[in-house]
Every structure is written in structure tokens, then in C-alpha cells.
Amino acid sequence: TSSATPIVAGLAALIKGKYPHAGNSTVKRIIEQSADKVGGYNYVYRPEWPNSSWSSEMGHGRVNVRRAMKLAREVLENGGDCCSC
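The structure presented is a predicted model; accordingly, all values stated were derived computationally and were not measured.

> Report on the pattern of salt bridges, specifying residues and quantitative values.
As a working rule, side chains carrying opposite charge can pair if their charged atoms are close by. What the rule picks out here adds up to five salt bridges. The salt bridge involving D36 is made with R62; its shortest N-O contact spans 3.5 Å. Taken together, the residues D36 in the loop between α2 (24–34) and β1 (44–46) and R62 in the loop between β2 (49–54) and α3 (65–76) connect sequence positions 26 residues apart. Overall, the relative accessible area of 13% leaves D36 in the buried class. A salt bridge links R67 to D36, with the shortest nitrogen-to-oxygen separation between them at 2.8 Å.

> A description of the packing of α2 against α3 should follow, citing residues and the corresponding values.
Interaxial distance between α2 and α3 falls to 9 Å at its minimum, and their mutual angle equals 135°. The angle between the axes of α2 and α3 places the two elements in the oblique class. Crossing of α2 over α3 shows right-handed handedness. Contacts between α2 and α3 involve T26, I30, Q33 and S34 from the former and R67, A68, L71, A72, V75 and L76 from the latter. Across the contact of α2 with α3, the residue classes break down as six nonpolar, three polar and one charged.

> Explain α2 residue by residue, including any values.
Every α-helical turn comprises 3.6 residues, leaving residues that sit three or four positions apart pointing alike. Along α2, the residues that are buried comprise T26, V27, R29, I30, I31, E32 and S34. Structurally, α2 contributes buried residues whose contacts are with α1 (4–18), β2 and α3.

> Describe the packing of aromatic side chains, listing the residues and the values that go with them.
Taken as a whole and assessed by the stated rule, the structure comprises one aromatic pair. Here the aromatic rings of W49 and W54 are separated by 5.3 Å at their centres, their planes lie at 10°, and the arrangement is stacked. On the basis of relative accessible area, W49 is assigned to the partly exposed category, the value being 26%. Residue classification places W54 among the buried positions, given a relative accessible area of 18%.

> Explain the packing of α1 against α3 residue by residue, including any values.
At their nearest, the axes of α1 and α3 sit 11 Å apart, and the two run at 30° to each other. Comparing the axis directions of α1 and α3 gives the class roughly parallel. Relative to α3, α1 is oriented so that their crossing is right-handed. Contacts between α1 and α3 involve L11, L14, I15 and K18 from the former and V65, A68, M69, A72 and L76 from the latter. Looking at the contact of α1 with α3 residue by residue, the classes come out as eight nonpolar, no polar and one charged.

Criteria and cut-off values
- Residues numbered from 1 in each chain as written.
- Predicted model: local features only at pLDDT ≥ 70, side-chain atom pairs only at ≥ 80, totals over all residues.
- Heavy atoms only, no water.
- Salt bridge = Lys/Arg side-chain N within 4 Å of Asp/Glu carboxyl O.
- Helix = DSSP H or I, 4+ residues; strand = E, 2+ residues; numbered from the N terminus.
- Buried < 20%, exposed > 50% of the residue type's maximum accessible area, 1.4 Å probe, protein only.
- Axes fitted to C-alpha atoms, helices over the stretch in contact; angles between N-to-C directions.
- Parallel < 35°, antiparallel > 145°, perpendicular 65-115°, else oblique.
- Left-handed = near helix turned anticlockwise from the far one by under 90°.
- Contact = heavy atoms within 4.5 Å.
- Nonpolar A, V, L, I, M, F, W, Y, C, P; charged D, E, K, R; others polar.
- Phe/Tyr/Trp six-rings, centres within 6.5 Å; stacked < 30°, edge-to-face > 60°.

Okay, here's the thing in C-alpha cells:
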């Protein structure tokens, strides 16, 4: 939704600010994999969403900044642009 867009963009900016070498696909993967599955929705794995399960109501879930930054540190402080994260 329109309210989710600035939140996700802000998280992407936090990751890129801390790890400027991170590629866009890596940042996307980190955000998708660190999202909280909430709301009792049915999250399923689909080929078009290979990084995380997905719900038509909630997408990949609720943004979790703390988990995303922890995953970014684990993945990106090794100097790689990932990713098997």
C-alpha cells in the first residue's frame, strides 16, 4: 500500500547507508527474508517470490527493521554481495 512504500524505502536506505556496497537485489532479499509473518494469513512459497513466502493480503509480511539489519550484518560484513541468505 502507499503507507508501506516509505517504510520499505526507509529500511532500504538504512541498509544501503550502512553497507553501500550492497546490491539492490541483496537489499531486496534481506528485506523480504526478514519480514514478520503476521495476521493469520496464508503465506506460501511461489516461484515468482523465491526469497520468502508471500501472501496476497500481506506480501512478504510486516517490515522488521531489527531483523533486517541483523541479517544485513550477517550477510554483508563478510564483504560479499550475497546471497544464500
